[in-house]
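Observations on the model geometry
Now for the letters of each chain:
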Amino acid sequence: MAKDSEIHDRLSRVEEIIEQLDADECDLDEGTALHEEGQELLIEVREVLDGGNGEVVELE
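Residues numbered from 1 in each chain as written. Predicted model: local features only at pLDDT ≥ 70, side-chain atom pairs only at ≥ 80, totals over all residues. Heavy atoms only, no water.

Within an unreviewed UniProt entry, the label attached to the protein reads Exodeoxyribonuclease VII small subunit, and the organism entered is Haloplanus litoreus.

Written as structure tokens, this is what we have:
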């Protein structure tokens, strides 16, 4: 997992969204809203990484 808190927080939320969608416990409107939120979060993560603001760590 990313060490940078900006990235970590967003990716944690994306994981929560994926779990909610996988559980199939939401209706179409809620699922669409969750999908859109996840897409926005991933865009933000890309922007952080592209800006060089994220810290890259090597996992062993």
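Structure shown, so let's carry the discussion forward.
**Examining helix α1 (residues 5-23)**
This is how the line gets drawn: Strands here mean DSSP runs of E at least two residues long; helices mean DSSP runs of H or I at least four residues long; both are numbered from the N terminus. Each helix should span, by expectation, one fewer than its residue count multiplied by 1.5 Å. Buried, partly exposed and exposed residues are distinguished by accessible area as a fraction of the type maximum, computed with a 1.4 Å probe on protein chains only: under 20%, between the cut-offs, and over 50%, respectively. It is the directions from the helix axis to the C-beta atoms that the arc portrays. Note on definitions: a residue-residue contact is assigned when non-hydrogen atoms from the two residues lie within 4.5 Å.
With 19 residues, α1 ought to run about 27 Å at 1.5 Å a step, and its terminal C-alpha atoms sit 27 Å apart, in line with that. Turning to α1, its buried residues number three or more, namely I7, V14 and I17. Down the axis of α1, the buried side of the element spans an arc of 90°, and every buried residue falls inside it. For α1, the exposed residues lying more than 90 degrees away from the buried face are D9 and E19. Those residues of α1 that are buried are in contact with α2 (28-50).

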